[in-house]
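Letter by letter, the chains look like this.
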Amino acid sequence: GGYVRAYSSLGYLHVSSDIKEAVRSYERAVAENVDDGGYSNTELGEIYLQGYAGTPVDLKKALQYFLKGYEQGSAKSAVELSMIYSTGNNFASVDYVKSFQYASFAAKMGQPMGHYNVSLNYFYGQGTQRNYERAAVHALTAISLGNDNAMQLFKLNSLAGEFVRIVQKKLVGV
């Protein structure tokens with residue numbers, strides 16, 4: 001009940017002051033299956049991915065926590081999984097289909113980085129069919145939601161002319 005949900009909140013309060021206490025609070029919330037929309041799992045995934053405040057980096061744990069956070073509905077976990085599978089690293093190989101799946105979930109949840117990642121999948125045809133129209137829609141949505149990475153996409157000299165024309169049409173409403 002209320003006490004269990006409080007563990008998740010305690011984790012949040014402890015992040016800036018005492019990372020070890022935050023980890024304990026989040027782990028307790030996870031162990032007791034707190035329904036916090038995947039927040040505790042996502043935060044633990046971040047802590048183990050980045051190795052915050054002396055916490056050892058544990059990529060396998062990070063991946064497990066992100067997967068559990070995603071299963072609980074966390075758009076932030078979905079974004080992390082999308083990035084993990086789009087870049088590959090020591091603990092997960094590149095899988096563009098999975099990357100697109102997770103990015104699409106995050107975009108549907110209104111996550112700016114989810115829209116940006118989906119735009120890249122469509123732009124490069126990774127994990128889905130290349131589609132400049134859909135790439136443009138998601139890139140512009142990401143920008144409208146404040147994603148600076150999407151702005152950088154438009155600064156690339158290598159952008160396909162067709163993509164640029166589609167974006168221009170969408171911007172002027174033609």
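Above: the structure in question.
Throughout what follows, the structure given in this document is the object of discussion. These numbers were taken from a predicted model, which means no experiment stands behind them.

What follows is about helix H2 (residues 19-31). The end-to-end C-alpha distance of H2 is 18 Å, a good match for the 18 Å that 13 residues give at a rise of 1.5 Å each. For H2, the complete set of buried residues consists of Ile19, Ala22, Val23, Ser25, Tyr26 and Ala29. Burial along H2 is one-sided: seen end-on, the buried residues are contained in an arc of 165°. Looking at the residues trailing H2, positive phi occurs at Asn33, about 55°.

The subject of this paragraph is the pattern of salt bridges. By the definition in use, this model includes three salt bridges. Put simply, Glu32 and Arg28 hold a salt bridge, and the shortest N to O gap is 3.3 Å. Relative accessible area serves as the criterion here: at 42%, Arg28 is assigned to the partly exposed category. Of the charged contacts, one joins Glu43 and Lys76 as a salt bridge, the two residues approaching to 3.2 Å between their closest N and O atoms. Placement of the pair is Glu43 in helix H3 (residues 39-50) and Lys76 in helix H5 (residues 75-87), with a sequence separation of 33 residues. Owing to a relative accessible area of 13%, Glu43 belongs among the buried residues under this scheme.

The next thing to look at is the packing of helix H8 (residues 132-144) against helix H10 (residues 161-172). Relative to each other, H8 and H10 sit at 50°, their axes nearing to 9 Å. Between H8 and H10, the angle is such that the two are oblique. The chirality of how H8 crosses H10 is right-handed. For the pair H8 and H10, the contacting residues are Tyr132, Glu133, Ala135, Ala136, Val137 and Leu140 in the first and Glu162, Phe163, Ile166, Val167, Lys170 and Leu171 in the second.

Next up on the list: H5. A rise of 1.5 Å per residue sets the reference length of H5, with its 13 residues, at 18 Å; its end C-alpha atoms lie 18 Å apart and thus fit the reference within 8%. Of the residues making up H5, those classed as buried are Ala75, Ser77, Ala78, Val79, Glu80, Leu81, Ser82, Ile84 and Tyr85. Against H3, helix H4 (59-71), helix H6 (96-108) and helix H7 (112-124) lie the buried residues of H5. Taken from the residues just after H5, Gly88 is the one with a positive phi, measuring 65°.

Conventions adopted
- Residues numbered from 1 in each chain as written.
- Predicted model: local features only at pLDDT ≥ 70, side-chain atom pairs only at ≥ 80, totals over all residues.
- Heavy atoms only, no water.
- Helix = DSSP H or I, 4+ residues; strand = E, 2+ residues; numbered from the N terminus.
- Expected span 1.5 Å × (residues − 1).
- Buried < 20%, exposed > 50% of the residue type's maximum accessible area, 1.4 Å probe, protein only.
- Arc of directions from axis to C-beta.
- Salt bridge = Lys/Arg side-chain N within 4 Å of Asp/Glu carboxyl O.
- Axes fitted to C-alpha atoms, helices over the stretch in contact; angles between N-to-C directions.
- Parallel < 35°, antiparallel > 145°, perpendicular 65-115°, else oblique.
- Left-handed = near helix turned anticlockwise from the far one by under 90°.
- Contact = heavy atoms within 4.5 Å.

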